[in-house]
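Spelled out from the first residue to the last, the chains are:
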Amino acid sequence: MTDEAESGQDHARELRTAAVIGAGTMGRQIAALIAASGRPVRIWDADPGMLASARGRIDAETRTLPDLPRYAHHQFRLRPPADVEGMLARISASESLAEAVSAADIVIEAIREDLDTKHALFAALSRLTPDAVLTTNSSSLPSSQIAPAVVDPGRFLNTHFFAPVWSRPMVELMGCGATRPQVMQSVARFATSLGLVAPVVRGDSKGFIINRIWRAVKRESLRVVDEGHADPADVDRLWMLMFGTPYGPFGIMDMVGLDVVSDIETSYQRVATDPADRPSRVLEEKLTAGNLGEKTGRGFYNHPEPEYLRPGWLTGDDEEAD
Ligand SMILES: NC(=O)c1ccc[n+]([C@@H]2O[C@H](COP(=O)([O-])OP(=O)(O)OC[C@H]3O[C@@H](n4cnc5c(N)ncnc54)[C@H](O)[C@@H]3O)[C@@H](O)[C@H]2O)c1
């Protein structure tokens, strides 16, 4: 048996212990999710302050979990942890990257979204863990772009989790082009055992599946307003009535933050082949005015009580609507 085949077999093993690198918004939630499944998980962050506060923040965040959405006829495997103390006891903050990954079957990267930073981390991980499955939680970088930094990219893929993980029980898996099938299978089993729905993205797709679809919705919503066909409130009203959601595309953009939305739009526009795919006027006006959505109190709506929450707003009966 060749070394690669031996190694591939090894990766079909059950993933029992995990390390999460990055203790920010996503790293903390991913660590909590893994610990809630009964597995030990070590976390590490380059910022000592983030690392020191991580377990306390996970504790607070897990005690105020949003409800899972309710869908008739569907039972989610994901359950918020009944024993928060037990869950926390399985999470340890490591003093070094080497210590964090030393016993890990799977290492999940959730550090800042920057290709050079991710390359440097995966080069270090390649030296420290010749054997572990390695994954990135990047929201816009396909693993094929990070793979050149990984020694043995057959063990490397995207695991794209969603925030908040407890109310969005899903993860997209996407290989880097060299990922061994056994590794995809182990990670798919691992994800399912966390209680997540885990579709595999075939091939290489910027934005995976749902971010790509969501990007198309954002682009067209902004374009309809830029062209003067509707205002944001009417786009959202129609969307909410059509799809039965509690908010529409502009409501969600306000939640994400209009600066973040703009960065993501720019990253798609850089590779767009459609000349009409260019920066949105209405979005640029909001940014110029410093109105970034929930985080600044104003965006397409006024916060913290956006207009779409008012009784009568959806039906247009609210005199103060819009
Ligand atoms: N926030 C979301 O909703 C979301 C959803 C899906 C995917 N993602 C992706 O997850 C990743 C993390 O996003 P986030 O929102 O948690 O970011 P964040 O800014 O909240 O946290 C990032 C953490 O990484 C740490 N860090 C930065 N460089 C590091 C390094 N070299 N080594 C170790 N730690 C380092 C920072 O100190 C910080 O604590 C990004 O790739 C992002 O695209 C985010």
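Residues numbered from 1 in each chain as written. Predicted model: local features only at pLDDT ≥ 70, side-chain atom pairs only at ≥ 80, totals over all residues.

### Quick word on the overall build of the protein chain
Link 1 in the chain: Counting its regular elements, the protein chain contains 13 helices and eight strands.
Link 2 in the chain: Viewed in the frame of its principal axes, the protein chain has a C-alpha envelope of about 70 × 45 × 40 Å.
Link 3 in the chain: A buried classification covers 35% of the 322 residues belonging to the protein chain. (Helix = DSSP H or I, 4+ residues; strand = E, 2+ residues; numbered from the N terminus. Buried ≥ 20, exposed ≤ 12 C-beta atoms within 10 Å, placed from the backbone.)

### Side note on the site of the ligand
Link 1 in the chain: In the vicinity of the ligand lie 23 residues, with Gly22, Gly24, Met26, Asp47 and Ser139 positioned nearest.
Link 2 in the chain: Residue assignment for the shell around the ligand shows that the elements contributing at least two residues are α2 (25–36) and α6 (115–128).
Link 3 in the chain: Per-element accounting of the shell around the ligand gives the leading share, three residues, to α2.
Link 4 in the chain: Classifying every residue of the shell around the ligand by side-chain character gives 11 nonpolar, eight polar and four charged. (Near = placed C-beta within 6 Å. Nonpolar A, V, L, I, M, F, W, Y, C, P; charged D, E, K, R; others polar.)

### Observations regarding helix α12 (residues 258–269)
Link 1 in the chain: For α12, with 12 residues, the first-to-last C-alpha span of 16 Å sits near the 16 Å given by 1.5 Å per residue.
Link 2 in the chain: At its buried positions, α12 is contacted by α9 (210–226), α11 (249–256) and α13 (281–288). (Expected span 1.5 Å × (residues − 1). Contact = placed C-beta atoms within 7 Å.)

### Section: the domain arrangement of the protein chain
Link 1 in the chain: You can read the domains of the protein chain as domain 1 (3–201) and domain 2 (211–309).
Link 2 in the chain: Each of domain 1 and domain 2 has a C-alpha centre, and these two points are 30 Å apart. (Domains from an automatic or database assignment.)

### Brief notes about the pairing of strand β6 (residues 156–161)
Link 1 in the chain: Buried residues dominate β6, accounting for six of its six residues.
Link 2 in the chain: Of the two faces of β6, the one carrying Phe156, Asn158 and His160 and the one carrying Leu157, Thr159 and Phe161 are both buried.
Link 3 in the chain: The pairing of strand β5 (residues 133–136) with β6 spans three bridges and is classified as parallel. The partner of threonine 136 across the bridge, within β6, is asparagine 158.
Link 4 in the chain: Here β6 pairs with strand β7 (residues 171–175) via five bridges, running antiparallel. Opposite asparagine 158, over in β7, you have methionine 174 as the bridge partner. (Pairing = 2+ DSSP bridges.)

### Details of the pairing of strand β2 (residues 41–44)
For a regular strand, the rule is simple: side chains alternate between the two faces of the sheet.
Link 1 in the chain: Here β2 shows no split at all, with Val41 and Ile43 on one side and Arg42 and Trp44 on the other all buried.
Link 2 in the chain: As paired elements, strand β1 (residues 18–21) and β2 share four bridges and run parallel to each other. Note that in β2 the partner of isoleucine 21 across the bridge is tryptophan 44.
Link 3 in the chain: Read from β1 through α2 to β2, the crossover connection turns out right-handed.
Link 4 in the chain: Summarising the sheet, β2 and strand β3 (residues 91–93) pair through three bridges and their orientation is parallel. Looking across to β3, one finds that arginine 42 is bridged to serine 92. (Right-handed = clockwise from strand over helix to strand, strands pointing away.)

### Let's talk about the packing of α9 against α13
Link 1 in the chain: As a packed pair, α9 and α13 sit with axes 7 Å apart at the nearest point and diverge in direction by 90°. Between α9 and α13, the crossing angle belongs to the class labelled roughly perpendicular. Side by side, α9 and α13 meet where Leu222, Val225 and Asp226 of the first sit next to Arg281, Val282 and Leu283 of the second.
Link 2 in the chain: Class assignment for the residues of the contact of α9 with α13 results in four nonpolar, no polar and two charged. (Axes fitted to C-alpha atoms, helices over the stretch in contact; angles between N-to-C directions. Parallel < 35°, antiparallel > 145°, perpendicular 65-115°, else oblique.)

### Examining the sheet that holds β6
Link 1 in the chain: Read from one edge to the other, the open sheet built from eight strands follows the order β3-β2-β1-β4-β5-β6-β7-β8, with strand pairing classed as mixed. Looking at strand neighbours, the two that pair on one side only are β3 and β8 (200–201), the edges of this open sheet.
Link 2 in the chain: Of the strands in this sheet, β2 and β3 touch helix α3 (residues 48–63), which is tilted by about 160° from β3.

### Remarks on the nonpolar core
Link 1 in the chain: Val20, Ile30, Ala31 and Val107 are the most contacted members of the largest nonpolar core, which has 54 residues in total.
Link 2 in the chain: At eight residues, the largest contribution of residues to this core is made by α2.
Link 3 in the chain: Setting aside residues no more than four positions away along its own chain, valine 107 makes contact with Ala19, Ile21, Val101, Leu125, Thr129, Ala132 and Leu134. (Core = buried A, V, L, I, M, F, W, Y, C linked by C-beta atoms within 7 Å.)

### With respect to unusual backbone geometry
For residues besides glycine, phi is generally negative; the peptide bonds are generally trans as well.
Link 1 in the chain: Proline 164 follows alanine 163 through a cis peptide bond whose omega is -10°.
Link 2 in the chain: When you line up the elements, proline 164 lands in the loop between β6 and β7.
Link 3 in the chain: Cis peptide bonds are those with omega within 30 degrees of zero, and the linkage from histidine 303 to proline 304 qualifies with 15°.
Link 4 in the chain: One can find proline 304 in the segment after α13.
Link 5 in the chain: Although it is not a glycine, aspartate 152 adopts a positive phi angle of roughly 65°.
Link 6 in the chain: With respect to the helices, strands and loops of the structure, aspartate 152 is situated in the loop between α7 (143–146) and β6.
Link 7 in the chain: Backbone geometry at phenylalanine 208 places phi at a positive 55°, although glycine is not the residue there.

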